[in-house]
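Residue strings, one per chain:
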Amino acid sequence: MQTSRICPRCGRSESEVEFIGPFCRDCYIQVYGVATLPRQVDFVYCQYCGRYKYQGGWNEPTGTIEETLIDYLTFYLTRKLRPTEHLDEAWISEIRLDKEFVGPAIYNAFVKINGRRGDVEVIEEKIVTVKVNAAVCPVCTRRITKRGYNAILQIRSSEGKLSENLRERVNVFLSENLSGRLAESIIGFEEHKEGFDILIEDPSIARMIAAKLKSNFMAKTIETFKLVGRNPDGTRKGRLTISVRIPEISPGEIIMIDGKPYLFLAVSRGNNLLLVDLETGREEHMSIDVLWQKGFQPYPGGVDLKRYMLISRDKNTTMFLDAESGYRNVIEVPTSTVKVYVDRFIEGREYKVFLASNMIYVVEEIIEEGK
Ligand SMILES: [Zn+2]
Ligand SMILES: [Zn+2]
């Protein structure tokens, strides 16, 4: 007959209760526990962005600060956890704080640990002290002090001053198209009379952002490099400045290129401008670089830009009224000499028209406020 083991602590036998090592399962937990854990954990987070410190670095938060803390505790304690002598394995199944998270303070974390020996499972709850402190991470420090930037992007317009409209489009573009390292490298913004500067930590990232602005806004970029002192190791320290000039023109506008009026129709594939030469009526494509080389400016207005109301139009004849003459002058021209660049060309509506030597270009519908 096989002798049944007896628990030396409570006296129960193997037929009454499962055993782990020398003890019954209940006494095993009392004597050995399920696993050992550190008694205390420090957690330092950035009060501005929620990054947390780990192994000398700062890590991205995984949610709110409280969620990040719980994730961190789970990860950290799992690494430190050691199953007790007679168990095959142990793992953390739940962590919760003893009180509502309110920022820097000392908390108790209740840590539920499961363990297993063969098919006998045991559970234990341990309390770990969590010291939570707030600090400012290096990224936020640089942003607050605006130090540590090695490149500047100067966002300017082709005209004197960056318009509100263009500034808004640039801001939207930056917030929608920059993430991760590109967004992190931005240390701050500085307002200027003519536009604004973006201060960037990493010059190669500044170049990447400049390239994105160049292709999206038909911008012209010019790099300059200036020495600003020496690094602690004696090497020369430079700062890259990239001037990003954005043309203040949009499709539908008349622009002067090389002294000649063009209607700017669209930005076509390959980042070329689709233009209509208003003197010859020919459509042409022009690369951004050529546009900048030739130079351009908004059309200053003049006698050749009129405001006409469409009266009638058939395949032979088109009739307008000149709005600027008080609708007294009737203009009657062959329909073949009227080129329409608006979506809707409707009788009774008024249009901006450009009068070339033998053509009339309808370039824009005039929409009155409230109509
Ligand atoms: Zn026992
Ligand atoms: Zn931070």
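Note that the coordinates shown come from a computational prediction; the quantities given were computed from them, not determined experimentally.

Asker: Give a description of the overall build of the protein chain that names residues and reports values.
Answerer: Looking only at helices and strands, the protein chain features seven helices and 26 strands. Against the 2.2 N^0.38 benchmark of 21 Å for 371 residues, the protein chain shows a C-alpha radius of gyration of 37 Å, more extended than a compact globule. Taking contacts inside the protein chain between residues at least 6 apart in sequence as the whole, the part at least 24 apart equals 49%.

Asker: Any details on the sheet that holds strand β11 (residues 151-157)? Residues and values, ideally.
Answerer: An order of β12-β13-β11-β15-β14 is seen for the five strands of this open sheet, with the pairing classed as mixed. Only two strands of the sheet have a single neighbouring strand rather than two, namely β12 (186-191) and β14 (220-230). Averaged over all pairs of adjacent strands, the angle between strand axes in this sheet comes to 20°, irrespective of strand direction. In terms of strand pairing, β12 meets strand β13 (residues 195-200) through five bridges, oriented antiparallel.

Asker: Tell me about helix α6 (residues 203-217), and name the residues and values.
Answerer: When the terminal C-alpha atoms of α6 are compared, their 21 Å separation across 15 residues agrees well with the 21 Å that a helix rising 1.5 Å per residue should span. Residues of α6 that are buried include every one of P203, A206, I209, A210, L213 and F217, and no others. The arc that holds every buried residue of α6, seen down its axis, measures 115°, which confines them to one face. Of the exposed residues in α6, those oriented more than 90 degrees away from the buried face are S204 and S215. At its buried positions, α6 is contacted by β11, α5 (180-184), β13, β14 and β15 (236-246).

Asker: Please give an account of the pairing of strand β9 (residues 105-117) that cites residues and values.
Answerer: Within a regular strand, side chains alternate between the sheet's two faces. In this structure, strand β8 (residues 89-97) lies alongside β9, joined through eight bridges in antiparallel fashion. In the sheet register, W91 faces β9, and the bridge partner there is N114. In this sheet, strand β10 (residues 120-135) lies alongside β9 in antiparallel orientation, the contact comprising 13 bridges. Opposite V111, over in β10, you have K126 as the bridge partner. Remark: two residues form the turn of the hairpin made by β9 and β10, two consecutive strands paired antiparallel; G118 in that turn has positive phi of roughly 60°.

Asker: Give me the lowdown on the domain arrangement of the protein chain, citing residues and values where you can.
Answerer: As far as domains go, the protein chain holds domain 1 (1-31), domain 2 (32-135), domain 3 (146-246), domain 4 (254-298) and domain 5 (305-365). With centres defined by C-alpha atoms, the gap from domain 2 to domain 4 works out at 63 Å.

Asker: Residue-level account of unusual backbone geometry, with values.
Answerer: For M218, which is not glycine, the phi torsion reads 55° and is therefore positive. Structurally, the position occupied by M218 is in the loop between α6 and β14. For Y327, which is not a glycine, the phi torsion comes out positive at approximately 60°. Of note, Y327 is situated in the loop between β22 (317-322) and β23 (330-334). When the 14 C-beta atoms within 10 Å are taken as the criterion, Y327 is described as partly exposed.

Asker: Can you break down the sheet that holds strand β24 (residues 338-340) residue by residue, with the values?
Answerer: Sheet architecture is open: six strands sit in the order β23-β22-β21-β25-β26-β24, paired in mixed fashion. Each edge of the open sheet carries a strand with a single partner, namely β23 and β24. On average, each strand axis in the sheet is inclined to that of its neighbour by 40°, with strand direction left out of account. Two elements, β22 and β23, share five bridges in a ladder whose sense is antiparallel. Bridging from a neighbouring strand, L321 pairs with V330 of β23.

Asker: Can you tell me about the environment of K53, naming the residues and giving the values?
Answerer: Tracing the chain through its elements places K53 in strand β5 (residues 52-54). With 11 residues separating them along the chain, K53 and D42 place their C-alpha atoms 9.5 Å apart. If we ignore the near neighbours within four places in the chain, the residues touching K53 are V44 and W58.

Cut-off values and rules
Residues numbered from 1 in each chain as written. Chains lettered and ligands numbered in written order. Predicted model: local features only at pLDDT ≥ 70, side-chain atom pairs only at ≥ 80, totals over all residues. Helix = DSSP H or I, 4+ residues; strand = E, 2+ residues; numbered from the N terminus. Rg over C-alpha atoms; globule rule 2.2 N^0.38 Å. Contact = placed C-beta atoms within 7 Å. Pairing = 2+ DSSP bridges. Axes fitted to C-alpha atoms, helices over the stretch in contact; angles between N-to-C directions. Expected span 1.5 Å × (residues − 1). Buried ≥ 20, exposed ≤ 12 C-beta atoms within 10 Å, placed from the backbone. Arc of directions from axis to C-beta. Domains from an automatic or database assignment.

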